[in-house]
Amino acid sequence: MRIRALVLAASGAVALSALAVPAAQAAPAGPAVTFSQLKVNSGKNIVVGPTAQVTVSATYTVTKPANLDPNSFQTGPVLYRGATLGENSDDLLAGDGPGTCTVSSQTVLKCSAKIQFRPKSSDASIDLFSSEAGTWKLGALAVNASDGITWQGGLGSTHLQRKATLTTDASPEPVKKGKTITVTGKLARANWDTNKNAGYSTQPVKLQFKKKGATTWSTVKTIKSSTTGALKTTVKATADGYFRYTFAGTTTTSPVNSAADYIDVR
């Protein structure tokens, strides 16, 4: 199991040893708590570029026995892959610190936490890999002073996406009505392994047009990006207006609209 961020124990010290208990040794019992209403990044996809760290918020509810001291344990949200959440999970993305909880009643805590996603940092062991883009399940854990851990998965899912970029260039400009306009561009996305943007190949991209003075875009045609992410197509000049390329996104990559490029038709 690879842990892509640190989990804090109830004492406040970093505690990864609790996640690697030998099979022959019984793990300490975790806090008797359950989690609900977990929401990460307000339910939106998490989009990360090639270099900049992205920090998102999470909110969740903890239910505990009335006699369990809320200061005797700490909690935090977890993103994981695999069938179940626990010591044998395929991969984990956890918060960099414990959640902050307020007492709502004798048995209910309302909590919030931060989760950081780093494509590039001073510690490569916690950096994102491009292969980690896609769907992640949501869960949570609680740790007590004995390093006992309570895991709970199945609290939803989110998409961790590589940030896309898109350009449009329509030419010539100005152009005579009825003449051919060539519209080029490029679709790229963050590569977390190289910390650069790289062309996104063979993806459907829509060419859209908005007539001067209009408020809505209409799709002219759909083309596919080349093996390098390049885009190129031709259209007839009909009226003054704007062209743009638009990409709907995938599970691993964010949607994006290019900046509009104005064409003066004479």
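Details of the structure are given in the entry above.
The structure contained in this document is the topic of the report that follows. Please read all numbers here as calculations on a predicted model, not as lab measurements.

Turning to the state of the cysteines, a few remarks are in order. A full pass over the atoms with the stated rule returns 1 disulfide. Across the disulfide from cysteine 101 sits cysteine 111; the S-S distance is 2.1 Å. Judged by the sign of its S-S torsion, about 110°, the bond between cysteine 101 and cysteine 111 is right-handed. Here the residue cysteine 101 occupies a position in strand β7 (residues 100-103), and cysteine 111 occupies one in strand β8 (residues 108-117), the gap between them amounting to 10 residues. Assessed through its relative accessible area of 32%, cysteine 101 is described here as partly exposed. Relative accessible area serves as the criterion here: at 5%, cysteine 111 is assigned to the buried category.

Okay, the environment of proline 77 next. Within the element layout of this structure, proline 77 appears in strand β5 (residues 73-81). Exposure remark for proline 77: the relative accessible area of 2% places this residue in the buried category. Sequence separation between proline 77 and glutamine 152 is 75 residues; the distance between their C-alpha atoms is 9.6 Å. Residue contacts for proline 77: discarding those within four places in its chain leaves Leu38, Ala58, Tyr60, Leu93, Ala94, Gly95, Ala113, Ile115, Gly139 and Ala140.

Next up on the list: the environment of asparagine 197. Checked against the element boundaries, asparagine 197 lands in strand β14 (residues 196-199). A C-alpha to C-alpha distance of 6.4 Å links asparagine 197 and proline 50, two positions 147 residues apart in sequence. Setting aside its immediate chain neighbours within four residues, asparagine 197 contacts Pro50, Lys163, Thr165, Ala188, Arg189 and Ala190. Here the side chain of asparagine 197 touches alanine 190 through a polar contact of 3.5 Å, landing on its backbone nitrogen.

Enumeration according to the criterion identifies 4 aromatic pairs in this entry. Their ring planes at 55° and their centres at 6.1 Å tell us that phenylalanine 35 and tyrosine 60 sit as a pair that is tilted. With a gap of 25 residues between them, phenylalanine 35 in strand β2 (residues 34-40) and tyrosine 60 in strand β4 (residues 54-63) connect regions that are remote in the sequence. Note on tyrosine 60: relative accessible area 3%, which makes it buried.

Our focus in this paragraph is the nonpolar core. One finds Phe117 and Leu160 to be the most contacted residues of the largest nonpolar core, which totals 29 residues. Counting only elements with at least two residues in this core, the list comes to β2, β3 (46-48), β4, β5, β8 and β9 (134-144). Ignoring sequence-local partners within four residues, the contact set of leucine 160 consists of Ile46, Val48, Leu93, Phe117, Leu128, Glu132, Ala133, Gly134, Trp136, Trp192, Thr251 and Thr252.

How each quantity is defined
Residues numbered from 1 in each chain as written. Predicted model: local features only at pLDDT ≥ 70, side-chain atom pairs only at ≥ 80, totals over all residues. Heavy atoms only, no water. Disulfide = S-S within 2.5 Å. Helix = DSSP H or I, 4+ residues; strand = E, 2+ residues; numbered from the N terminus. Buried < 20%, exposed > 50% of the residue type's maximum accessible area, 1.4 Å probe, protein only. Contact = heavy atoms within 4.5 Å. Polar contact = N/O pair within 3.5 Å; in protein donor to acceptor, adjacent residues only side chain to side chain. Phe/Tyr/Trp six-rings, centres within 6.5 Å; stacked < 30°, edge-to-face > 60°. Core = buried A, V, L, I, M, F, W, Y, C linked by side-chain atoms within 4.5 Å.

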